[in-house]
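# A closer look at the structure
Given next are the chains, with one letter for each unit.
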Amino acid sequence: MQKETQPIPDRVKVKQNPPKLKKEELSFWQKIIRFFKNLFSSKKDKSSGDSKADQSDDELLENPNRIPVFSKNNYWYDDKTKDFLDDLEKFTSKAKEKSKDEYWQIADAYLKFLKKDYTSSTEILENIKTNNPEYLEEIKRMKVLNDIVSQPKIDAEYEDHLMKDYPEYFIEKPAAKKDSAETDEYDYYGEVPSTADFLKDVLANRYFLQGEDGKSFLMNNKLSDLQYNPNSSLVKSVEDFYRKPNKTQFEQEIIAKNINDVGNIDAFFAVIYGDRAMRQADFDKAKSYYAKAQNFSGIPRSEWNYDEKKVTVLKYSPGAYNGFSNISDLVFGHNVWESFQSSPEESMKKEDYSAFPFIKPTMDKLELSEALIQLKKIGEGKNQTAAAANQLIGNLLYNTSILGYYRQLFVMDIDNTNGGKYDFQSTDHKNPYQYYYKNFLDRTYIEPDNFDLSIDYYKKALNLSANKEQKARILFQMASAEQGKYYQYEAKNPSKVDYSDPKYSEKK
């Protein structure tokens, strides 16, 4: 991606007089009416897509997470960090009086832009008279920024305007070929974002605030990236966009281009939904999704191909787990010790499956869901076989949780190697992203495990079993699941006792 964008052609028309932010003034009577409406109306989740879509222009413009925003860097000296915009404005005002250089007028317009006074910023730019080509380019860019950033809501009509008047900011051009002697110099501070990069972030932010999470996600990510944080609501929003008929030109050429090759897309979505149903112990729903995933070609990963000397699509070896097939029956067993790095045969031990011949040594997810449906039906009985069936279901739910050896099975991962997916979440926020889905892998956005599901099946097994050894093992597994619930609580309620406290261990 180029660091600088190309100049805006003369044919480009820039919309004038962007809307100025106005704080809504309510009369006393309007405040009374609003109070009673809020009092007696049903509560809505303000983070839901429906409520976001119903926001007025004023609500969208006044959203505190509407970029650009002033934010601290979260460093130790941030307590002294201040917003110097007002001081800078005073300085540029004095500089404009003493200098005839148009630079200070452009700087003043930019400060007005940062303060979200887009009307004043545009007015200043309109009154600048200069023949300096660099200044003219900056003025054009600033007008484009004022137009786009001030737009309350990005709808189909505005997307058409973007493609008609500002295509060069969104349609990526092929990278210029470099001379064979030219080398890339390492930039210690990273690549400087271009105007085009900033505008894409702005649009990703606007879609996010509007509740169009799928479009927001695809502005900064590829479809295949969903594997790293397969959150159900986000996946559904991306799928809705994928299936949306009559997409605008902007949606087709700018957003949909990030729907990259994941093999069979329908199967890709079906596996994610089936996995979520399995984590909720809804085996019938999981089966219905997995039945649609027969053409799943594997979790889309890449690898370095030494022969071709480039990154290529990962080809799974026969017998390897690929996100759908080749699941060992050890998933119904119990762990001998906790070692994710060890082989399945070292870490896991099978239970007695002799009463359940439908449990195959190796299964795909459809076969696994079918086996669980049969186990659940058998578990409704009142005998020792029913106890064993419930124990096996409890084992599977625990083994595929964040603490289990097979924790990768239902979170779109290919192994249990440690990573963000297996961290206990420390927030109650349904969505940990604040502005958009950029830097998607920096946060964990997977629904947490419900350890009560495995505990409930263990309780059924415990109540039905007459075997003391089996009961002891069930109680141990129940305790392990209870430990998972504690870890979830501890992550959200960290100890506030200082390590330097002599009585740290007692207070903790």
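Residues numbered from 1 in each chain as written. Predicted model: local features only at pLDDT ≥ 70, side-chain atom pairs only at ≥ 80, totals over all residues. Heavy atoms only, no water.

### Points about a nonpolar patch on the surface
A grouping of Trp304, Tyr306 and Val311 is seen on the molecular surface, where their side chains present a nonpolar patch of about 400 Å² in accessible area. According to the relative accessible area criterion, Tyr306 is exposed, its value standing at 68%. (Patch = residues over 30% accessible without salt bridge, like charges linked within 9 Å, V, L, I, M, F, W, Y side chains within 5 Å. Areas by Shrake-Rupley, 256 points an atom, 1.4 Å probe, with all protein chains shown as cover. Salt bridge = Lys/Arg side-chain N within 4 Å of Asp/Glu carboxyl O. Buried < 20%, exposed > 50% of the residue type's maximum accessible area, 1.4 Å probe, protein only.)

### Regarding the nonpolar core
Among the nonpolar cores identified, the biggest contains 97 residues, and Ile148, Phe170, Phe250, Phe332, Leu368 and Leu375 are the most heavily contacted of them. Considering each element in turn, this core owes the most residues, 10 residues, to helix α13 (residues 265-279). Those residues in contact with Phe250 that lie beyond four places of it in its chain are Glu159, Leu162, Met163, Phe170, Leu203, Tyr207, Met219 and Ile255. Listed in part, the 14 residues of the second largest apolar core include Phe451, Tyr458, Met478 and Ala481. (Core = buried A, V, L, I, M, F, W, Y, C linked by side-chain atoms within 4.5 Å. Helix = DSSP H or I, 4+ residues; strand = E, 2+ residues; numbered from the N terminus. Contact = heavy atoms within 4.5 Å.)

### A word on helix α9 (residues 195-210)
Given a rise of 1.5 Å per residue, 16 residues ought to cover 22 Å, and the 23 Å separating the end C-alpha atoms of α9 matches this to within 8%. Downstream of α9 by a residue or two, Gly211 has a phi angle that is positive, lying close to 90°. (Expected span 1.5 Å × (residues − 1).)

### Quick word on a negative patch on the surface
Together, Asp57, Asp58, Glu59 and Glu62 make up a region of like negative charge exposed at the surface. In this fold, Glu59 is placed in helix α3 (residues 57-61). Using a relative accessible area of 44% as the deciding quantity, one classes Glu59 as partly exposed. (Lys, Arg positive; Asp, Glu negative; His and termini not counted. Charge placed at Lys NZ, Arg CZ, Asp CG, Glu CD.)

### Structural notes on the packing of helix α17 (residues 384-399) against helix α18 (residues 451-464)
At a minimum axis distance of 8 Å, the contact between α17 and α18 shows a crossing angle of 160°. Classed by the angle they form, the pair α17 and α18 counts as roughly antiparallel. In the packing of α17 onto α18, the handedness of the crossing is left-handed. Taken together, the residues of α18 that come into contact with α17 (itself represented by Gln384, Ala386, Ala387, Asn390, Gln391, Ile393, Gly394, Asn395, Leu397 and Tyr398) are Phe451, Leu453, Ser454, Tyr457, Tyr458, Lys460, Ala461 and Leu464. (Axes fitted to C-alpha atoms, helices over the stretch in contact; angles between N-to-C directions. Parallel < 35°, antiparallel > 145°, perpendicular 65-115°, else oblique. Left-handed = near helix turned anticlockwise from the far one by under 90°.)

### Looking at the environment of Asp225
In this structure, Asp225 sits in the loop between α10 (213-220) and α11 (232-243). Given a relative accessible area of 19%, Asp225 falls into the buried group. For the pair Asp225 and Asn260, spaced 35 residues apart in sequence, the C-alpha separation works out to 9.6 Å. Apart from the residues lying within four places of it in its own chain, the contact partners of Asp225 are Phe217 and Phe440.

### A look at the packing of α17 against helix α19 (residues 468-492)
Between α17 and α19, whose axes approach to 11 Å, the crossing angle comes to 30°. The pairing of α17 with α19 is recorded here as roughly parallel in orientation. As α17 runs across α19, the sense of the crossing is left-handed. Contact residues: Gln384, Ala387, Ala388, Gln391, Asn395 and Tyr398 in α17; Gln470, Arg473, Ile474, Gln477, Ser480 and Ala481 in α19. Taken together, the residues of the contact of α17 with α19 sort by class into 5 nonpolar, 6 polar and 1 charged. (Nonpolar A, V, L, I, M, F, W, Y, C, P; charged D, E, K, R; others polar.)

### Structural notes on α17
Every α-helix winds through 3.6 residues per turn, so residues three or four apart in the chain are directed the same way. With 16 residues, α17 extends 22 Å between its outermost C-alpha atoms, agreeing within 8% with the 22 Å of an ideal straight helix rising 1.5 Å per residue. The element α17 is extensively covered by neighbouring structure, given that 14 of its 16 residues are classed as buried. Capping of α17 at its N-terminal end is provided by Asn383; its side-chain oxygen lies 3.3 Å from the backbone amide nitrogen of Thr385. (Polar contact = N/O pair within 3.5 Å; in protein donor to acceptor, adjacent residues only side chain to side chain.)

### A few points about the pattern of salt bridges
Working definition: two side chains of opposite charge can pair if their charged atoms are close together. For the structure on display, the rule yields 23 salt bridges. The salt bridge partner of Lys365 is Asp275, with a shortest N-O separation of 2.8 Å. Of this pair, Lys365 sits in helix α16 (residues 365-378) while Asp275 sits in helix α13, and the two are 90 residues apart along the sequence. Taken as a pair, Lys365 and Asp275 share a single burial class, namely buried. Note that Lys485 is salt-bridged to Asp452, the shortest N-O span being 2.8 Å. Of this pair, Lys485 sits in helix α19 while Asp452 sits in helix α18, placing them 33 residues apart in sequence. Taking relative accessible area as the criterion, Asp452 reaches 33% and is therefore assigned partly exposed. Each of the salt bridges in this network shares a partner with another, and the network as a whole consists of Glu159, Glu212, Lys215, Lys244 and Glu251.

### Some remarks on the pairing of strand β2 (residues 310-313)
With 4 bridges connecting them, strand β1 (residues 302-305) and β2 associate as antiparallel partners. Bridging from a neighbouring strand, Asn305 pairs with Lys310 of β2. Hairpin connection of β1 to β2: 4 residues between the antiparallel strands, including Lys309 at a positive phi of 55°. (Pairing = 2+ DSSP bridges.)

### Focus on the confidence of the model for the chain
With 82% of its residues at a pLDDT of 70 or more, the chain shows a mean pLDDT of 84. Of the regions scoring below 50 in pLDDT, residues 1-23 engages in 66 contacts with residues more than four places distant in sequence or in other chains. Predicted confidence for residues 35-44 stays below pLDDT 50, and this span has 1 contact to residues more than four positions away or in other chains. (pLDDT = per-residue confidence, 0-100.)

### A word on unusual backbone geometry
That bond from Ile67 to Pro68 is cis: its omega, 5°, falls within 30 degrees of zero. Within the element layout of this structure, Pro68 appears in the loop between α3 and α4 (85-98). Here the phi dihedral of Lys309 falls at roughly 55°; this positive angle occurs in a residue that is not glycine. For Lys309, the location among the structural elements is in the loop between β1 and β2.

### Description of the packing of aromatic side chains
This model, assessed by the stated rule, comprises 24 aromatic pairs. When the centroid spacing of 4.9 Å and the interplanar angle of 75° are considered together, the rings of Phe217 and Phe440 count as edge-to-face. With Phe217 in helix α10 and Phe440 in the loop between α17 and α18, this pair connects stretches of sequence that are 223 residues apart. Of the two residues examined, Phe217 and Phe440, each falls in the buried class. Relative to Tyr445, the ring of Tyr437 lies with its centre 6.3 Å away and its plane at 25°, an arrangement referred to as stacked. Classification of Tyr437 as buried rests on a relative accessible area of 0%. Aromatic ring contacts, followed pair by pair, group Phe208, Phe217, Tyr433, Tyr437, Phe440 and Tyr445 into a single cluster. (Phe/Tyr/Trp six-rings, centres within 6.5 Å; stacked < 30°, edge-to-face > 60°.)

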